[in-house]
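Architecture at a glance
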Amino acid sequence: MAKKVKFLQGNEACVEGALMAGMTFYSGYPITPSTEIAELSAERLPRIGGKFIQMEDEIAGIAAAIGASLTGAKAMTATSGPGFSLKQENIGYAALTEIPVVIVNVQRGGPSTGLPTAPGQGDLMQAMWGTHGDHPVICLTPDSVRETFDLTIRAFNLAEKYRTPVILLTDEITGHMREKIEIPDASEVEIYNRIKPEPGSDYKAYKVVDGDIVPKMADFGSGFRYHVTGLMHDETGFPSNSTKNAGILMDRLMAKITDNLDDIITFEEIETADADYLIVAYGGTARTAKAAVKKLRAEGIKVGLFRPITVWPFPEAALYKLSEQVKDIIVAELNYGQMKLEVERVVKNNAPVRFCGKANGEVLTPEELIQKFKEVL
Amino acid sequence: MNHPLVEGFFRMDKFPHIWCPGCGHGIIMASIARAIEKIGLDKDKVCIVSGIGCSSRAPGYMDFNTLHTTHGRALAFATGVKLANPELEVIVIAGDGDLSAIGGNHLIHAARRNIGITTICFNNNIYGMTGGQYSPTTPTKEKGTTAPYGNIDKPFDITQLAIGAGATYAAKTTAYHVPQMDKLIETAIRHKGFSMVEAISICPTYYGRKNKKGSVVDMMTFLKDSFIDVKVAEKLPPEKKEGKFLMGEFINKAEPEYTEQYDQIIASQKK
Amino acid sequence: MSKQLELRLSGSGGQGLITAGIILAEAALKDDKNAIQTQSYGPEARGGASKAEVIISEDSIDFPKVTLPNMTLALTQIASDKYIKDISVDGTVIVDESITLPETLKAKHIYRVPIIKTAINEVGKEIVANIVALGLIVGLTGIVTEGSLEAAIMARIPKGTEDLNRLALQKGYELAKTLQK
C-alpha cells in the first residue's frame, strides 16, 4: 500500500486527519498556538468544495461550526486556552442538542493570556467541567504528530457516533513540533458517519429508535422540519418544562458515554507488566515520561507508564487494576496536579499518588522527572 | 377553523404561545409567515434561527427548520448554516438585547460580510424574558427594573447600526404598520446579501407598565402617530417632523453576497 | 539506545534557519532515520534571536526538545550570545566569522566561518546563507547524506531558485573542505 511519508507539525496533522475524517467546514478565530490549524484549513477546504470562515470571535467560531453541522457538514473549530473558555457555553449547547462538532484546544500556559507560545496542560479539568451543568464529554489527548492525525479522525468518528461535541486536547508541544508521519491510505481508515432518517419516514428528532445509540440526525433542509433548542426538550425536540422529561433526557445523554466506555476509552501501557512503580502522563508530557521510563529501566528500576489517550471519560478500570500491582504512582503534567486529583480518586488507597509538574511554560524534562521520581519514591 | 396561513406555516400543537396579551411579537411573526407564503418559499428550505429572549421563542411555533440557540449567538449559528448550505433561506429572529447587546458583535460582522441572511429584530425596548431590565434600545430617561431612576445610557438605533456596519438592506417598521411591515420583510427576504428589518414591537407588561405608557391601544396609537415613512418625511417641513421617528426602507443596494463569493473561491481552487 | 544527534540552529528571524532545520530533518527522514524539529515562537522569533532545533536518531525519539546539543550554529552575535554556550563537550560549534565567541566556550570543534560573506559574494544572495550553512554542517559532520540533503532542499525552496540553492549548497561543502584540510 502506497504510504505518504510527511514531516508535519501536530497542528498540520490535525487538519490532515480532519480532512480524511470528512471535515467539510471549519470556523474559528486566530489564537496562538493553534493558528496553523485555521490557516491550513483555509487553504485546503475550498479545494475539496468545503468551507472555511474566520469568525468575529471565539464564540462565533464554535457557533458557526454547530450551525454547519446541522446541515450535515462535519465541522471543526480550533483554539487555545482563552478561546476555549469563551467556547464553553456553546460546548454545552452542542452537548444538550446532540450536534456533532470537534473542538481542538492546543493548550498553552495559562491562566489568562498567560504564555501564548509556551506549552501547558492546565485545561484538563476545564475540558470536563468547563461548561455549566452536567453533560457528556469525550476528550482525547495525543502525544505525537501521528497520533494527532489518528485522534482527529477518531474525534470526528466519536462525535458522529455519539452525537456529542468531542474535544481534542493537544498542547503546544505536540501542536508545534514537526515529526515523521506516514499518512495512511483513505481505504485503511475507518470513518463513521451519523445515521440519518430515511426520507419520508416518521421522524421524532430526539427519539432513539431501531436499537441505535442516539437519535437519527436529519440534515436541516432535507425535508424534516424539526426544532432544535438548548432548553430541556422531549423526544420531539420541543421545549418541555416537565422534570420527568428533563430527567429522561439527562439520563440518556450521560448514558451515551457511561454505557459505551469500552468503545470510547483508549490508553497506552508501557513496561507495566512487571512494574513496581507507575508514571501517569498524557499528551506532550508523555514523551518526557517515555524517555524517563527508558532511562530508569536501564538502571534496573521496574517502572512503567500509564498514558490515558481518552482522558474523559477517564480510563478508571485500567488504572485501578494497575494500582493494585504497583507500590507507588507519580503523575507528571504541566499544571498543579489536575490529573493527579483524578488518579487519587480512582486508585483510592491502593498506592500513594505523587506529583511532578510545573506550570511555568517549560516542558518537563526526563531528567527533572527522574530526579523527582528518585526523591519521592 | 384556523386561517390557512396558520395551518400552513405554524406548528398548531405548539400553541398557545408564551407571549403576554397585547405583546407585539405575534404580529411580526405572522408578517414573516405571510412574506414566506407570498414569495412561495419551499418550507423545507427555510431555516429560522433565534437566540434567547421573548422573540426568540417564535421559531418554536413556525413550521420550518428551526434553531433556538444561545443568547446573542443566533447570527453566528446562522452564518454556519448559511455558509454550509447556501440553498437554505436563513432568517434570524432576534430581540433588541439579543441582537445589539450580547450579540452586537455578530450583527456588525454578519452585515459587514453581506452574507445572505435576513434578520428580523423584534425591538420592544426592554429585556422582557428576564422581567423588564433596560436594554440598548431603551430611550434615555425611561425606566427598567435595573434603571429605577431612569436610564442614563444613550440608545442604539439598530437600523443605523446595521447600515454603518455594511448592511445592504435595512428597514424599520412597527407592529402597527402591518401592510408596510409585510412588504419590507418580503423585500428583505428577497434581497441578496445581508438584510435587516427592525420591527418596533410593544411590551405592555414591562416596558409599558414601567414607563406609564397606558393601555395596549395607547401604545399602538403611539406607534401610529410617532412614525413617518422616510420617503414621506423627505417632503415634509421640519415642524411636521419634530418628535417623530422615521421608518421605511433606509438602504437597498446590490453588493456581492458572501456565500456566492466563497463559491467562486471553490470554483477557482477545486481540482 | 543508539546515539541521538541534537542540533540547534540560530540566527535572526528571516535568515531561514527554521527552514534549514526542517530541511535537515527531512533529509534525515530520506536517510531512513527519525527526526523531530521544534522552533522558537512569538516575539522571540520576530525580534532578536530565533532558533530551530533538530533531533536525528536511528531509533524513535521520545523527548522532543533538545537538551544538550551536539552541534550548534549561530549566524548572528545575539543568537550566539543566547544559544551557543549550551554544547556537549564532544560537540561542534559553527558560527559566522562576524561573531565573537566567549573564550570560556568549550567544545570539541569550534569553527568561525564566512557563511554570510560566502552567500553574498560567491552566491550573490544573502538569503541563501542558510543553505550555505547546511552544506557546511553536512560537509563537516556527515549527519545526513549529500543526496538526501539536496533532495530535501529542492522540495522546500521556491520554484526557479534551484540553481541558486545548488550553488549555495556547493559553496557550503567547499567551505567544509577548506576547514578540514
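Residues numbered from 1 in each chain as written. Chains lettered and ligands numbered in written order. Predicted model: local features only at pLDDT ≥ 70, side-chain atom pairs only at ≥ 80, totals over all residues.

**Some words on the sheet that holds strand 9 (residues 178-183) of chain A**
Here is the rule we go by: We treat two strands as partners when DSSP finds at least two bridges between them. For helices the rule is a DSSP run of H or I covering at least 4 residues; for strands it is a run of E covering at least 2, with both sets numbered from the N terminus onward. Angles here are taken between N-to-C directions and fall from 0 to 180 degrees, while the axes themselves are lines fitted to C-alpha atoms, restricted in helices to the stretch in contact. Placing a C-beta atom from the backbone of each residue, one calls two residues in contact when those atoms lie within 7 Å.
The eight strands are arranged 1(A)-9(A)-2(C)-3(C)-1(C)-4(C)-5(C)-6(C) in an open sheet whose pairing can be described as mixed. On the outer flanks of this sheet lie strand 1 (4-9) of chain A together with strand 6 (109-113) of chain C, each paired with one strand and no other. With direction set aside, neighbouring strand axes in the sheet form an average angle of 20°. As paired elements, strand 1 (residues 4-11) of chain C and strand 3 (residues 50-57) of chain C share eight bridges and run antiparallel to each other. Bridging from a neighbouring strand, Leu5 of chain C pairs with Ile56 of chain C of strand 3 of chain C. Of the strands in this sheet, strand 1 and strand 9 of chain A together with strand 1, strand 2 (34-39) and strand 3 of chain C are in contact with helix 1 (residues 17-30) of chain C, which crosses strand 3 of chain C at around 10°.

**Some details on the interface of chain C and chain A**
What counts, and what does not: In this count, Pro and Cys sit with the nonpolar residues alongside Ala, Val, Leu, Ile, Met, Phe, Trp and Tyr, while Asp, Glu, Lys and Arg are called charged and the others, Gly among them, polar.
In this assembly, 17 residues from chain C lie in contact with 20 residues from chain A. Among the secondary structure elements, those contributing two or more residues to the side of chain C that touches chain A are helix 1 and strand 2 of chain C. A per-element tally of the side of chain C that touches chain A places strand 2 of chain C first, with five residues. Grouping the amino acids of the side of chain C that touches chain A by side-chain chemistry returns nine nonpolar, five polar and three charged. In the sheet, strand 9 of chain A pairs with strand 2 of chain C via two bridges, with the strands oriented antiparallel. Bridge pairing in strand 2 of chain C links Glu179 of chain A to Ile36 of chain C.

**Here we look at the packing of helix 4 (residues 115-123) of chain C against helix 7 (residues 162-180) of chain C**
Residue and element names in this part refer to chain C. Stated formally: When an angle is under 35 degrees it counts as roughly parallel; over 145 it counts as roughly antiparallel; between 65 and 115 it counts as roughly perpendicular; any other value is oblique. Each helix crossing is assigned a hand: it is left-handed if the near helix lies turned anticlockwise from the far helix by less than a right angle, otherwise right-handed if that turn is clockwise.
Running from N to C, helix 4 and helix 7 cross one another at 125°; their axes reach a closest spacing of 10 Å. Judged by the inter-axis angle, helix 4 sits oblique to helix 7. Once helix 4 is placed against helix 7, the crossing between them reads as right-handed. Contacts between helix 4 and helix 7 involve Thr118, Ala119, Glu122 and Val123 from the first element and Leu164, Leu167, Ala168, Lys171 and Leu175 from the second. A class-by-class count of the residues in the contact of helix 4 with helix 7 yields six nonpolar, one polar and two charged.

**Looking at the interface of chain B and chain A**
Across the contact, 35 residues belong to chain B and 34 residues belong to chain A. When contributions to the side of chain B that touches chain A are tallied by element, the ones reaching two or more residues are strand 2 (65-68), helix 4 (74-84), helix 6 (104-113) and helix 13 (258-269) of chain B. If one sorts the elements of the side of chain B that touches chain A by residue count, helix 4 of chain B sits on top with eight residues. Split into classes, the residues belonging to the side of chain B that touches chain A amount to 13 nonpolar, 13 polar and nine charged.

**Some words on the nonpolar core**
Nonpolar side chains in soluble globular proteins tend to end up buried together. What counts is decided by this rule: Any set of buried Ala, Val, Leu, Ile, Met, Phe, Trp, Tyr and Cys residues joined through C-beta atoms within 7 Å is what this text calls a nonpolar core. To sort residues by burial, count the other C-beta atoms lying within 10 Å of each one's C-beta; a count of 20 or more means buried, 12 or fewer means exposed, and anything in between means partly exposed. C-beta atoms are built from the backbone. Residue ranges for the domains trace back to a domain assignment, done automatically or taken from a database.
In this structure, Ile279 of chain A together with Val81 of chain B are the most contacted members of the largest nonpolar core, which totals 245 residues. Counting contributing residues per domain, this core is built from domain 1 (4-188) and domain 2 (268-376) of chain A, each supplying no fewer than three. Non-local contacts of Val81 of chain B, meaning those with residues more than four positions away in its chain, are made with Gly67, Ala68, Leu70, Thr71 and Phe220 of chain A together with Cys47, Val49, Leu88 and Val90 of chain B.

**Topic: the packing of helix 10 (residues 284-298) of chain A against helix 13 (residues 366-376) of chain A**
All names here are of chain A. Two elements in contact, helix 10 and helix 13, have axes whose closest approach is 8 Å; the angle formed by their N-to-C orientations is 60°. With respect to helix 13, the axis of helix 10 lies oblique. Judged by the sense of rotation from one axis to the other, the crossing of helix 10 with helix 13 is right-handed. Residues Thr288, Ala289, Ala291, Ala292, Lys295 and Leu296 of helix 10 form the contact with helix 13, whose participating residues are Pro366, Leu369, Ile370 and Phe373. Each residue belonging to the contact of helix 10 with helix 13 can be placed in one class, and the counts come to eight nonpolar, one polar and one charged.

**Notes on helix 13 of chain A**
Note: α-helices contain 3.6 residues per turn, so residues at a spacing of three or four share the same orientation. Residue and element names in this part refer to chain A. As a reminder, the rule being used: Directions drawn from the helix axis to the C-beta atoms are what define this arc.
Taken together, the buried positions of helix 13 are occupied by Pro366, Leu369, Ile370 and Phe373. Taken end-on, helix 13 shows its buried residues confined to a sector of 100°, consistent with a single buried face. More than 90 degrees from the buried face of helix 13, the exposed residues found are Glu375 and Val376. Against helix 10, strand 15 (328-333) and strand 16 (353-357) lie the buried residues of helix 13.

**Focus on the environment of Thr365 of chain A**
Secondary-structure assignment places Thr365 of chain A in the loop between strand 16 and helix 13. According to the C-beta neighbour criterion, Thr365 of chain A is partly exposed, with 15 such atoms within 10 Å. In this structure the C-alpha to C-alpha distance between Thr365 of chain A and Arg287 of chain A, which are 78 residues apart in sequence, comes to 9.2 Å. Filtering out sequence-adjacent residues up to four positions away, Thr365 of chain A remains in contact with Thr288 of chain A together with Phe63 and Thr67 of chain C.

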